[in-house]
Amino acid sequence: MPGTTEFDVPMSTRDGVTLRADVHRPGPPGRYPVLLVRTPYGKRASERIEPAYFPDRGYIVVIQDVRGRGSSDGTFDPFTQEGSDGADAVAWAATLDGGNGEVGTLSQSYMGLAQYHLATHRPPALRAASPVSGPITFFHDCLYRNGVLELDWTVNWIGSLARGAVGPELNAEWDTWSSVPGARFAPLTREAVEHTPVLDWADRFAPGAPYLRDLLEHTTDDDYWAALDLRGRAGDIDVPMLHVSSWYDAFQYDTLTMYRNLRAGARTAHARENQRLIMGPWAHLLGYAKPETRGAGEADFGPEAAIELHAIQRDWFDHFFRGTALDGPRVRLFVLGENRWRDEDDWPLARRVETPLYLRAEGSLSWEPPADEEPDSYVSDPADPVPSLGGASLALPPGVFDQRPAEARDDVLVYTGEVLDEPLEITGNVTMTLHAASSAPDCDFVARLVDVHPDGYAWNVVDGVVRARFRGSTSEPSLIEPGRVYAYEIDLWATSIVVAAGHRLRVEIASSCFPRWIRNPQTGEEPVRATTFAPAHQQVFHDGARPSHLTLPVIPR
């Protein structure tokens, strides 16, 4: 018996706003658990995903437009409304005809974010969740990376939300901007993202996205961002969660952080014991509706990378709604290089050995610390920034790309290790301690770990950025003293990779990665307000007193 769909079913939030959802029911009569998806992208766009899979397997699927989007009433204000509205939606979904009073949540990206936020309200009917690639902090990830604006992603994403409400002139201009193959959202041209001041985008998108001004003007980690940061809210959550992300996902930090925090500090022992994690090799918006997805960027990670995530999620929900056995490990990691899945007891791996790898003279890397060595230098010019090439990006093509075009520039320092005699596994979070000085009152430093193949291909593994003014605090920034050497801590995020024998490790140091991250004008002015730029002379130190180094989580083999 075919299933049925009821369109634009209304519900009322606690403050009287009407939200509307499509309800997809299984064909046979009965009482079924409900799976809820809440989206800002239009509920009909999701019909080929969850509703195409779960009703035939005994679940009612509800796809709801969030407040102010699609057919739902109210005013859309990203992130701020999803906690209480989501909790109201769970309570409503539990009362639907044909439902059994129990609700789960699922889906990815903003829909993952919505799950994390509503879970802090602990709606009684919520039994299990599966957030995929959902951000939990917006100043340390998502719109910013530790205070550095994700320029290309933010402007493209907000523009896609505002489109249709910004007037014919901007829509016509949007239509003329060329697309980059493999990118998200039909991204802006180089000319468009180079526009200054960046804050102008708040005026241009104001008719369709008035909230953009707040997102751009709150340039420090203040109370505005604290209200949206879930990293300290683990104790408010009491629901089992299957967290899913990937090594080239723009929100991998969030997934790993939320899994770890809930394992340690969820409200109940039941919730703490029922957190699971899957980390794959894909980029953001992994094609779990497309089981053939097996790569990211220029990399093909082999047949094991292609999984049917819906089937895994079904097993997860069947366990909590139907009492079936839940086999498998607590943590599943895809190990790059070996291109295979591996089961682990938890994250991070307890057997990791935090191992320093030092920048050395003449562009070398060594496991041995330096003694007396002269610093290296380069000139950073924001008017001619280092181009973005892959990584955990969103609007730009994400994933693995050859870094040699960037490495050939004069404003990129390159440090390369010796050929490895045996495989080296790096699984966990990679950090960089960089001792550096600048002639500017403010600047950025970008660090990247690269796996150099025998043919010279430079495979980007992880990267990170630090803004000098945020070196000690993202809430109380302070400019630097030109010429003074500071120690900068850079979080390059996490990976799991086996660097094969015959390969070499490489570290790149630069002061820009554009248009992924906004250019620092190097004048001391706020980057979103800047219209003028100044070159700066940068120095990187690697001597006995100032040993710049990576810290690698090496797994003994």
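In this report, we go over the structure that sits alongside the text. No experiment lies behind these values; they were computed from the predicted model shown. (Residues numbered from 1 in each chain as written. Predicted model: local features only at pLDDT ≥ 70, side-chain atom pairs only at ≥ 80, totals over all residues. Heavy atoms only, no water.)

Here the focus is helix α10 (residues 252-265). With 14 residues, α10 extends 20 Å from end C-alpha to end C-alpha; this agrees with the ideal 20 Å at 1.5 Å per step. Among the 14 residues in α10, 11 count as buried, and that is most of the element. Against the buried residues of α10 lie α3 (110-119), β9 (241-248), α11 (269-273), β10 (275-283), β13 (331-335) and β22 (486-499). (Helix = DSSP H or I, 4+ residues; strand = E, 2+ residues; numbered from the N terminus. Expected span 1.5 Å × (residues − 1). Buried < 20%, exposed > 50% of the residue type's maximum accessible area, 1.4 Å probe, protein only. Contact = heavy atoms within 4.5 Å.)

Moving on, we come to the nonpolar core. Among the nonpolar cores identified, the biggest contains 122 residues, and F301, M432, L434 and I509 are the most heavily contacted of them. Residues within four places of F301 in sequence aside, it is in contact with Y248, P281, R294, G295, A296, F334, L336, N339, V400 and W459. A89, V90, V103 and A119 belong to the second largest nonpolar core, which has 34 residues in total. (Core = buried A, V, L, I, M, F, W, Y, C linked by side-chain atoms within 4.5 Å.)

All right, on to the pattern of salt bridges then. Opposite charge on two side chains makes pairing possible when the charged atoms of those side chains draw close. The tally for this structure, following the rule as stated, stands at 42 salt bridges. For E217, the salt bridge goes to R529, with nearest N and O atoms at 4.0 Å. Placement of E217 in helix α8 (residues 212-217) and of R529 in the loop between β23 (504-510) and β24 (536-541) is noted, with a sequence separation of 312 residues between them. When its relative accessible area of 33% is taken as the criterion, E217 is described as partly exposed. By relative accessible area, R529 is classed as partly exposed at 40%. Linked through salt bridges whose partners overlap, the residues forming this network are E338, R340, R342, E344, R351, E425 and R557. (Salt bridge = Lys/Arg side-chain N within 4 Å of Asp/Glu carboxyl O.)

Here the bond from T196 into P197 is cis, since omega is -5°, no more than 30 degrees from zero. Inspection of the secondary structure puts P197 in the loop between α6 (190-193) and α7 (200-204). Following W347, the chain continues into P348 via a peptide bond in cis, with omega recorded as 0°. Structurally, P348 is set in the loop between β14 (340-344) and β15 (353-360). Unusually for a residue other than glycine, D8 sits at a positive phi of about 50°. Looking at the secondary structure, you find D8 in strand β1 (residues 4-12). Judged by its relative accessible area of 31%, D8 falls in the partly exposed class.

This part takes up the sheet that holds strand β2 (residues 18-25). Strand order across the open sheet formed by 10 strands is β1-β2-β4-β3-β5-β6-β9-β10-β13-β14, with mixed pairing between neighbours. Taken across any chain shown, the strands that pair with only one partner, and hence form the sheet edges, are β1 and β14. Strand-to-strand twist of the sheet, defined as the mean angle between neighbouring strand axes without regard to direction, takes the value 25°. Against the sheet, α3 touches β3 (32-39), β5 (99-108), β6 (126-132) and β9, its axis set at about 130° to β5. (Pairing = 2+ DSSP bridges. Axes fitted to C-alpha atoms, helices over the stretch in contact; angles between N-to-C directions.)

Before going further, it helps to examine the packing of aromatic side chains. Under the defined criterion, the tally for this structure stands at 27 aromatic pairs. Centre to centre, the rings of F139 and W225 are 5.9 Å apart; their planes meet at 40°, and the pair counts as tilted. In this pair, F139 sits in the loop between β6 and β7 (144-145) while W225 sits in helix α9 (residues 223-226), placing the two residues 86 residues apart along the sequence. Of the residues examined, F139 reaches a relative accessible area of 1% and is grouped as buried. (Phe/Tyr/Trp six-rings, centres within 6.5 Å; stacked < 30°, edge-to-face > 60°.)

The next subject is helix α2 (residues 82-93). In this model, α2 (12 residues) spans 15 Å end to end at C-alpha, consistent with the 16 Å of a helix rising 1.5 Å per residue. Counting buried positions over the 12 residues of α2 gives 10, a clear majority of the element. Listing the buried residues of α2 in full gives E82, G83, D85, G86, A87, D88, A89, V90, W92 and A93.

Right, let's talk about the state of the cysteines for a bit. Counted by the stated rule, this structure contains 0 disulfides. We note that C142 lacks a disulfide partner, and the nearest cysteine sulfur, in C513, lies 17 Å from it. Among the residues examined, C142 registers a relative accessible area of 4% and is labelled buried. C443 supplies the cysteine sulfur nearest to C513, a cysteine that is in no disulfide, at a spacing of 15 Å. (Disulfide = S-S within 2.5 Å.)

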